[in-house]
Each structure stands twice: as C-alpha cells, then as structure tokens.
Amino acid sequence: MREQTQCTQGGSPAKDLADWYQLNRRVLPWRQTRDPYAIWISETMLQQTRVDTVIPYYDAFMSTYPDVRALADAPEDEVLKRWQGLGYYSRARNLHRAARIVVEDFGGKIPDTEEGLKALPGVGPYTQGALLSIAFGQPVPAVDGNVLRVMARYQGIADPVDSTAVKRQVFSAVQTWLNEVSPQVLTQALMELGALICTPRSPSCQQCPIAASCEALKNDLTGMLPVKSKKPARKVVDVAALWLEKGGRVLMERRPRQGLLAGMWQLPAWELNRLTPIQETRVLDLVRRGYEELAAARADGENGVPSQFASSQLDYASFAVRESGCAPSDEGTQSGLDFAVIGQERHIFSHVEWHVKVYRPVGISLPELSVDEGRYEYVTREDIWSLPLPRVYEKLLQSILKVKG
Ligand code: SF4
C-alpha cells in the first residue's frame, strides 16, 4: 500500500473520494484490466475473503482458466480443487455453472445488463453492481458490508445496517454519487475506503477524504456505528469421522451435491447435533455400529452402503432413543471393536462450528470392504491430495499422514 495522501476536500464528497482513490489506490491484479470475466472472478473471490488471501488464488485461477470458455470446459472437481482453501465453496460451484450458461446462452460474452446477469447462479445484486459499474461503466451501485459500514457512518445511520430500509437508503445515496463521477472509479473508491480507512475497528478519520461531511465523526459516533442486528448464536456440532485404511488405501466419502461443502471429499463422517453434551462413548457406539454394518454388508455379498453410512446427517434424536434404553449402548463392545482417536480439529463456518474427531478401529483385522463408488471410494494416500478437500479435512489428513501443509 502506498503512503496515504491527505485529501484537500474541495469538491463534493463523491469527487473528493474519487480524487483520493486515484492517488491512493493499491495496485491489485484485477485493477489492471476491465475484462468483465477477470472482474467477475475477483469480485466473487473477494466476497468474505481478504485481498491478501485472494491474490495468489486469483493469479493461479486466471492462469488455469484465462477466459470463460476455459472455466466452462473444466470438470467441477478440478474447479473445486483450485478453490480449495478459499472457503465458501458454493461460490466456485456457482461460478462454474454460470460460466457454462454464459457459453451456452450468451455466446461466451458476460452479459452487460442486470437482467442478463440475474440469469447467472451466484451473481446477486452486489456482483451485478460491481460488474456493471467496474467493467461496463454503468451507474449501478455495488453495496456490500464494507460499503454499508462506510455509508452508515458517513450518514450517521443508527438503524441496523442489515435492515432492508437501511440497505435501500445506502443504495440510493451511492446511486447519487455514481451520477457525479465515473462509476468505475466510484465503486472501487468506496471499496478502497472501507478496506483502508473506514475499517471495522478504529477508522483513520484523519486520513479520510470525506471526513468534513461525515456525521459519525461530527457526532463522535465512529466507534458505535454501524449498528447490526443480533445474530443467532453459532451452532456447535460434533463430527465423528472414521479412518478405514486397507493396503495403503483410505476410504473417502463425497459430500452430498447440495448444502455445506457440497461435492467435496472427506473421511466418512457423521454430524451430531449438540443439543445436550454428548459423551464420547455414545459417539463411539454409533461409529462402531456403522462400521459393523459396513462389514456385515461385505459378508453378505452386498455392494451397497449400509444405512449408517448412507446418511451423513445423524441427529441427536437417534441417540436419545438409544439412551432411553431401546438399545444397549455396549453392543459394540461385545464385538471387541475398539477405536483410537487419531486426529481432531475445530473449524468455524459462518453459522456453524464443527468439532471433528477421527476414529480408527484398533485390535481387529479389517475386511476388504466393497463400497458404492459414486459416494465412497478407496483412495491411495498419494491420490487423496488430488481430491477437493474442505480445509478442516485437509488439515486432519496432513496431520494423520504427517504431510507438511
Ligand atoms: S470520517 Fe471516519 S467514520 Fe467517517 S467515513 Fe471517514 S473514516 Fe469513516
């Protein structure tokens, strides 16, 4: 980042902001182009993700998929692999699906209208505004959390910024500014102000180009704005994962096509709703029963996956029934099957927190298991790394297999 230049603040706030941006903007890879595809990729990556994190991903992604046709032609697993580590994987899946729509329905040209962009999965109002203003120079606001914070402070808005009324108010204020200066500059200037000056904590008001007319600064409210609605507490979920390895090949499971981390690969696992504290013995009992079903299916000559494995979502209710005496919890112990915990990791998503433990059966000779190859697959230790892995499983596998991250 260049040294910040003090602003003279002689014109309108929009003009002052635009002038400040021209002097102080950071040099970033996606700012060297007006190619709508490149801007689309960068704006999608930047959602919920820091610039420093995005830069290497953006560079690698653009050299692998330099245009929309290259992205449309790629297999989804490969795109997810390129995205691995950036999180919020629905962004990658939507980009991929949208690239195919651009090729099939728009002749490979990114649409330059709101209506056209609405047809693309994952392109919401913010990305529409960013693309239309930055790539096509149209006066369409791009309002994200950063812009809401800046404008809520600037206008002294005391209502929650996530309310529809405030979003509309901010959208309308940005719309007015967009009519005064180049949309391409104004949109990026607001983003840059939010990233460098009007930061979430301790804004640098003395360097701000619009400080002279900022309501929050005038009324000493910069530490109190923006106001946000209270979010429900993040749900904590225990996840029991199973390590089954035979002849150097590890059983892996592909997650369902919909929902969290859709389509990515993990160790076979169950999510356990933490409605009340769960004792490890109960978790083990469940894993044990799942494993035994898998082994029994093999003994019966079945190729299917037993019910315990067929469901990656197992709620606490099934535990509650068993706990109330319907099934003895020491059933698994009778088989002599025991487990060692060989890895554990905590991972925080926006709405849920996973506590994952990996269990390895000990003291028995594992049968060769036959599994549904669509969902479960035995993979060599080396080939695991070519699968798209959620970060939490990548870390677990690195620690279990003693591979450097
Ligand atoms: S003066 Fe301070 S609070 Fe107001 S917009 Fe500028 S940085 Fe944000």
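Note: the structure precedes this text.
Please read all numbers here as calculations on a predicted model, not as lab measurements.

### A few points about the packing of aromatic side chains
In step 1: Applying the stated rule across the entire model yields 7 aromatic pairs.
In step 2: Here Y37 and W40 contribute two aromatic rings whose centre-to-centre distance is 6.4 Å and whose plane-to-plane angle is 80°, an arrangement assigned as edge-to-face. Within this pair, Y37 and its partner W40 are both found in helix α2 (residues 36–46), separated by 3 residues, close to a single helical turn. The same class applies to Y37 as to W40, namely buried.
In step 3: Ring plane angle 80° and centroid distance 6.4 Å describe the contact between W354 and Y393, whose orientation is recorded as edge-to-face.

### Remarks on the site of the ligand
In step 1: Within the structure, the ligand sits among R153, I197, C198, P203, C205, C208, A211, C214, L217 and T222.
In step 2: Its atoms largely coinciding with the cavity grid, the ligand occupies the largest cavity.
In step 3: When its residues are assigned to classes, the shell around the ligand shows 8 nonpolar, 1 polar and 1 charged.

### Focus on the packing of α2 against helix α8 (residues 125–135)
In step 1: Orientation of α2 relative to α8, taken along the N-to-C sense of each, is 145°, at an axis distance of 10 Å. Note on packing geometry: the crossing formed by α2 with α8 is right-handed. Seen from α2, the contacting residues are P36, I39, W40 and E43; seen from α8, they are Y126, T127, A130, L131, I134 and A135.
In step 2: Residue composition of the contact of α2 with α8, grouped by class: 8 nonpolar, 1 polar and 1 charged.

### Comments concerning empty space enclosed by the protein
In step 1: All chains considered together, the criterion is met by 1 cavity of 30 Å³ or more.
In step 2: Space inside the largest cavity adds up to approximately 110 Å³.
In step 3: Taken together, 14 residues make up the lining of the largest cavity; nearest its centre are C198, C205, C208, I210 and C214.
In step 4: If one sorts the elements of the lining of the largest cavity by residue count, helix α9 (residues 145–155) sits on top with 3 residues.
In step 5: Within the lining of the largest cavity, the residues separate by chemical class into 12 nonpolar, 1 polar and 1 charged.

### Quick look at the nonpolar core
In step 1: Of all hydrophobic cores here, the largest spans 67 residues; its most connected members are Y37, W40, M252, W354 and Y393.
In step 2: Both domains that furnish three or more residues to this core are identified here as domain 1 (13–218) and domain 2 (235–400).
In step 3: Counting residues in hydrophobic clusters, the runner-up holds 34 residues, among them Y21, V174, V185 and L190.

### As for the pattern of salt bridges
In step 1: For the structure shown, the criterion picks out 10 salt bridges.
In step 2: Among the ionic pairs, R31 bridges to E192, the shortest N-O distance being 2.8 Å. Taken as a pair, R31 in the loop between α1 (13–24) and α2 and E192 in helix α11 (residues 183–196) lie far apart in primary sequence, 161 residues in all.
In step 3: With a closest N to O distance of 3.2 Å, D77 and R254 form a salt bridge. Of this pair, D77 sits in helix α5 (residues 76–83) while R254 sits in strand β3 (residues 249–254), placing them 177 residues apart in sequence.
In step 4: Residue classification places R254 among the buried positions, given a relative accessible area of 15%.
In step 5: Several salt bridges converge on common partners, so that one network encompasses R26, R31 and E192.

### Remarks on helix α10 (residues 164–178)
In step 1: Its 15 residues place the ends of α10 21 Å apart at the C-alpha level, agreeing with the 21 Å of an ideal helix rising 1.5 Å per residue.
In step 2: Every buried residue of α10 is accounted for by V166, V170, A173, V174, W177 and L178. Buried positions in α10, seen along its axis, are confined to an arc of 145° and lie on one side of it. In α10, those exposed residues whose orientation departs by more than 90 degrees from the buried face are T164, A165 and R168.
In step 3: Where α10 is buried, its residues touch α1, α9 and α11.

### Here's the deal with the layout of surface pockets
In step 1: In this model, the largest pocket occupies a volume close to 1,800 Å³.
In step 2: Lining the largest pocket are 47 residues, and of these Q48, D144, G145, N146 and R149 sit closest to its centre.
In step 3: Class assignment of the residues belonging to the lining of the largest pocket gives a composition of 16 nonpolar, 16 polar and 15 charged.
In step 4: What lines the second largest pocket is a set of 21 residues, among which G87, Y88, Y89, L261 and F349 lie closest to the centre.
In step 5: Looking at the lining of the second largest pocket, the elements with two or more residues in it are α6 (90–106), β6 (338–348) and α17 (391–400).
In step 6: Here the residues of the lining of the second largest pocket are counted per class, giving 9 nonpolar, 10 polar and 2 charged.

### Side note on the packing of α2 against helix α3 (residues 51–64)
In step 1: Running from N to C, α2 and α3 point in directions that differ by 140°, and their axes come no closer than 10 Å. One finds that α2 runs oblique with respect to α3. In the crossing of α2 with α3, the sense of the turn from one axis to the other is right-handed. When α2 is examined against α3, the residues Y37, A38, I41, S42, M45 and L46 are found in contact with a partner set consisting of V51, V54, Y57, Y58, F61 and M62.
In step 2: Tallied by class, residues from the contact of α2 with α3 come to 11 nonpolar, 1 polar and no charged.

Rules used in this analysis
- Residues numbered from 1 in each chain as written.
- Predicted model: local features only at pLDDT ≥ 70, side-chain atom pairs only at ≥ 80, totals over all residues.
- Heavy atoms only, no water.
- Phe/Tyr/Trp six-rings, centres within 6.5 Å; stacked < 30°, edge-to-face > 60°.
- Helix = DSSP H or I, 4+ residues; strand = E, 2+ residues; numbered from the N terminus.
- Buried < 20%, exposed > 50% of the residue type's maximum accessible area, 1.4 Å probe, protein only.
- Near = heavy atom within 4 Å.
- 1 Å grid on protein atoms, 1.4 Å probe; cavity = no way out; pocket = protein on both sides within 12 Å on 5 of 7 lines; lining within 4 Å.
- Sits in = over half its atoms within 2 Å of the grid points.
- Nonpolar A, V, L, I, M, F, W, Y, C, P; charged D, E, K, R; others polar.
- Axes fitted to C-alpha atoms, helices over the stretch in contact; angles between N-to-C directions.
- Left-handed = near helix turned anticlockwise from the far one by under 90°.
- Contact = heavy atoms within 4.5 Å.
- Points joined across faces, edges and corners; volume = space filled by probe spheres on them.
- Core = buried A, V, L, I, M, F, W, Y, C linked by side-chain atoms within 4.5 Å.
- Domains from an automatic or database assignment.
- Salt bridge = Lys/Arg side-chain N within 4 Å of Asp/Glu carboxyl O.
- Expected span 1.5 Å × (residues − 1).
- Arc of directions from axis to C-beta.
- Parallel < 35°, antiparallel > 145°, perpendicular 65-115°, else oblique.

What is shown is where atoms sit, not what they do.
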